[in-house]
Each structure stands twice: as structure tokens, then as C-alpha cells.
Amino acid sequence: MTDTEPVLFDRFPGLAGSLPRLPLASLPTPVERADVELPGPCEGLWVKRDDLSGDAYGGNKVRKLEFLLADALATGHDSVMTFGVVGSNHAVATAVYARQVGMDAWLLLTPQANAAYVAKNLRLGRYVGARQVFCADEAAAGRRARILGLAGRGGRPPPYRVPGGGSSPAGTVGFVSAAFELAAQVRAGLLPEPDLIYLALGTMGTAAGLALGLQVAGLSTRLVLVRVVREDIASPGRFRRLYHGAARRLHRHDPRFPLAPLEPARLAVRHDHIGPGYARFTPEGIAAVEFARSQANLLLEGTYTGKAFAALLADARAGRLAGRRVLFWNTYSSRPLPPGAEDIEATELPAPLRRYFEKPLQPLDPAAS
């Protein structure tokens, strides 16, 4: 963890002391050149190592939680609730960092296709004391959230509501800040200005924040967003709301931050790598996970980063990266489970979650072979 001011706050000093933020992340995350031979011409490949963004748990959620949990505390809450599938990286990251700042966490979890990482995340959530609530579907999770939000417990305020993926204007600010961090690394000569950034597109707070931050920071980089969720979750309207909501939030705390218009030409959304659906592995995605591990020593997974990296490899193979400087933004945590978490037994979890320790894994899951 670091407690230095983000580059964003240096550029817009009115944000410091005005916009609530907790120094949860280990920043800046490294940027490294990947010494790999891609299946087609490319000017160079670099990796933004957000897998190392937090000491306790990495990935892209920590940047969002710096602002979300700070907002929760600033508005008088002592607990949070959030949403995700049973193996949600976002849900478990929320639980880890809520505990770190003394808050309780309610995780409203819905079904998903089984994978080895599901049990790992369920163990970690239990280890940090999260209240894991299984919900049959998203409607049931919404009903449970409304009940939790009606009143506090024993005079305590109701939980602060963190949307799935941490994608609200407050959470999106974390990736506006990340774009300024990247711009500072470009200026420092750690990498050239990328022509393209490849990124998994889920609940879109990461992508919307980067789009806004890159533009205001003065980088002309184009985002290649690889959709891994349903289209109603990754919708253009929702992207615009997050983009403009984050801009308005920053402008409100420092009027020098511009209300920059969204430039769709700076975005390319790819719909061709989602396969059979969210959290369902694809042959191309798993092959990309193995390529990244064996060729670049990168830990990816099959739900988000494997599919995004598969799109990058496909574009290299098709010759679309010739003469391009490419950055892959690794949003998956590479931190191991803390000592003791691996010892959590299925019987310690709520009964509906125990079956994920027993039911077969997806055939493409590397752990299933």
C-alpha cells in the first residue's frame, strides 16, 4: 500500500481533501515490456500490471474501492453490500478491503458456471468474514438488497450499496486516476504512448474511467474493449452514464476538471470473444491464458483477461497490430490466498454455496484435466 497522492490529484489539486479517497492500492502499478513473439507483426507489447494493484488482493477493483469505500465512510456507513456471481472477483475484493478499513461486507451472490477460481474466492470471502448470501437470480438479489437497505441493524445505518463490478461514478473515478498514472509513466519514458489498449469489458467502470482519463490527460490512445458480459450490462447508454457521471463528480470537486465530451472514435468494442456467455470458458481464451503464462509469465483467467488477450492474439494473427504499440491491461489479481484461507472447508459456507466445491468444473477449466 502507498499513501502518495495520485497523479490526478497533482494535476487537479482541488480534489485533494475534497474528494474522499482511501489509500488502499499499491500504486503506481508497474508497466513492463512483454518479450514475446506474437503470431503476427507488432511494434511492441507492454503490460500494465494491475494484477499487483493491492497487497492483500490485486486486480482492477482496488482502484475503484479506494473511492467507493471512502465515500461509504464519508457518508456515515459502517458496512457495504455488493453483487456478483458466486465466484465474483469484485465481491471478494470488496470484502477484503472493507475488512481492512473496519467495515462489514454483505455479498449477494448469484449462480454461475463452475470453475476452479470459484471455490478460491468463496474461501477468501469467508476468511475475511464476509456475509455471503446466495440469491437464486438477479431479481432475488435485488429484493434482498432492498430489505438490507430499509433499515440499519441495532441502530446502525444500512449498508452502503456498491453496484456490481464497483461501476458507479465514484468507482469509475479510480480509472480516471489510472489513466493519469499511465500518462505519467509515458512521460517518464517507461513505455511509449500506446496506440491501443486491450481491456476486458464487463460492468464498464474500468473502461469508462480510462476513456475519460486518457482524453483529459492528453493521450490519443484507442481502447479495444473485449465484451465478456451480456449486452444489456455492457450497453452504450450505461457507458455514457458512467463516463459523464465520473466527469461531473470530478468537476464538482475541482471545477478545473473539464466536462470532456465522449469521443466514440477512440473506442472499439469487440463482441466476438464472449463465446457461450459470461464466465463460460472458450478454447481461444484458455489458449490465450496458456500463451500468457508460458511466454510472458502472466497469470490470466478464462472469464475476463483470457478473452481479452485472445482478441489481442487474433488481431496480431490477422495483421491488425502491424506498426502498432500495444498495451494489455491485466485486470486479474495475481496475489495468492493468505495463509489459512486455503484451509476453509465447504461446510463453513452457507449451504447453497457448498455445491461449488463438489460439482464438476467446466471441461475447458485447466484444473478439470
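Structure's up top.
A brief structural summary. Quick caveat, the model's predicted, so the values are computed rather than measured.

### Thoughts on the sheet that holds strand β3 (residues 79-85)
- Here 4 strands make up an open sheet; going across it, the order is β5-β4-β3-β6 and the pairing parallel. If you trace the sheet from one side to the other, it starts and ends with β5 (131-134) and β6 (160-161), each paired once.
- Two elements, β3 and strand β4 (residues 104-110), share 7 bridges in a ladder whose sense is parallel. Directly across from Val85, in β4, lies its bridge partner Thr110.
- Sheet strands touched by helix α5 (residues 138-150): β3, β4, β5 and β6. Its angle to β4, the strand with the most contacts, is close to 155 degrees.

### Here we look at the packing of aromatic side chains
- Per the stated rule, a full pass over the model turns up 7 aromatic pairs.
- Judged by centre distance (5.7 Å) and plane angle (75 degrees), the rings of Tyr278 and Tyr304 are edge-to-face. With Tyr278 in the loop between β9 (267-270) and α9 (283-296) and Tyr304 in the loop between α9 and α10 (305-317), this residue pair connects regions lying 26 residues apart in the sequence.
- Of the aromatic side chains, those joined through ring pairs into one cluster are Phe12, Phe180 and Phe257.
- The ring of Phe175 has Arg63 sitting right over it, with the charged end atom 5.7 Å from the ring centre.

### Regarding the nonpolar core
- Core analysis: the biggest nonpolar cluster contains 73 residues, and Phe257 and Phe309 have the highest contact counts within it.
- Element by element, the count of residues in this core is highest for helix α6 (residues 169-187), at 9 residues.
- Dropping the residues within four chain positions of it, Phe309 is found in contact with Leu45, Ala288, Phe291, Ala292, Leu300 and Phe328.
- Counting residues in hydrophobic clusters, the runner-up holds 43 residues, among them Leu68, Ala72, Tyr160 and Ala341.

### Section: the pairing of strand β10 (residues 325-329)
- For β10, the tally of buried residues reaches 4 of 5 residues, placing the bulk of the element in the interior.
- Alignment of strand β2 (residues 44-48) against β10, held across 5 bridges, turns out to be parallel. Within β10, the position partnered with Gly44 by the bridge is Arg325.
- Sheet analysis places strand β7 (residues 196-201) next to β10, joined by 3 bridges and oriented parallel. Pairing of Ile197 across the sheet is with Leu327, part of β10.

### Digging into the pairing of strand β8 (residues 222-227)
- Within β8, 5 of the 6 residues are buried, leaving the element largely enclosed by the surrounding structure.
- When β7 meets β8, the two strands line up parallel, connected through 6 bridges. Along β8, the bridge assignment pairs Leu196 with Arg222.
- Handedness of the β-α-β unit built from β7, helix α7 (residues 205-217) and β8 comes out right-handed.
- Relative to β9, β8 runs parallel, the two sharing 4 bridges. Opposite Val226, over in β9, you have Arg270 as the bridge partner.
- Handedness of the crossover joining β8 and β9 through helix α8 (residues 236-253): right-handed.

### Points about unusual backbone geometry
- Residue Leu27 is joined to Pro28 through a cis peptide bond whose omega torsion reads -5 degrees.
- Unlike most non-glycine residues, Met204 shows phi in positive territory, near 85 degrees.
- Secondary-structure assignment places Met204 in the loop between β7 and α7.
- Assessed through its relative accessible area of 4%, Met204 is described here as buried.

### Section: the packing of helix α2 (residues 61-74) against α6
- Between α2 and α6, the shortest axis-to-axis distance is 7 Å and the interhelical angle comes to 130 degrees. Taken together, α2 and α6 sit at an angle that is classed as oblique. Remark: the crossing between α2 and α6 carries right-handed chirality. Residues Arg63, Lys64, Phe67 and Leu68 of α2 form the contact with α6, whose own contacting residues are Ala170, Gly171, Val173, Gly174, Phe175, Ala178 and Glu181.
- Residues of the contact of α2 with α6, tallied by class, amount to 6 nonpolar, 2 polar and 3 charged.

### Some words on the side chain of Lys307
- Relative to the assigned elements, Lys307 resides in helix α10.
- Glu301 provides the closest opposite charge to the buried, unpaired Lys307, separated from it by 8.4 Å.
- A polar contact is formed between the side chain of Lys307 and the backbone oxygen of Gly277, at a distance of 3.2 Å.
- When sequence neighbours within four positions are dropped, the list of residues in contact with Lys307 reads Val226, Val228, His273, Ile274, Gly277, Arg280, Thr282, Gly285 and Gly302.

Rules behind the numbers
Residues numbered from 1 in each chain as written. Predicted model: local features only at pLDDT ≥ 70, side-chain atom pairs only at ≥ 80, totals over all residues. Heavy atoms only, no water. Pairing = 2+ DSSP bridges. Helix = DSSP H or I, 4+ residues; strand = E, 2+ residues; numbered from the N terminus. Contact = heavy atoms within 4.5 Å. Axes fitted to C-alpha atoms, helices over the stretch in contact; angles between N-to-C directions. Phe/Tyr/Trp six-rings, centres within 6.5 Å; stacked < 30°, edge-to-face > 60°. Lys NZ or Arg CZ within 6 Å of the ring centre and 35° of its normal. Core = buried A, V, L, I, M, F, W, Y, C linked by side-chain atoms within 4.5 Å. Buried < 20%, exposed > 50% of the residue type's maximum accessible area, 1.4 Å probe, protein only. Right-handed = clockwise from strand over helix to strand, strands pointing away. Parallel < 35°, antiparallel > 145°, perpendicular 65-115°, else oblique. Left-handed = near helix turned anticlockwise from the far one by under 90°. Nonpolar A, V, L, I, M, F, W, Y, C, P; charged D, E, K, R; others polar. Lys, Arg positive; Asp, Glu negative; His and termini not counted. Salt bridge = Lys/Arg side-chain N within 4 Å of Asp/Glu carboxyl O. Polar contact = N/O pair within 3.5 Å; in protein donor to acceptor, adjacent residues only side chain to side chain.

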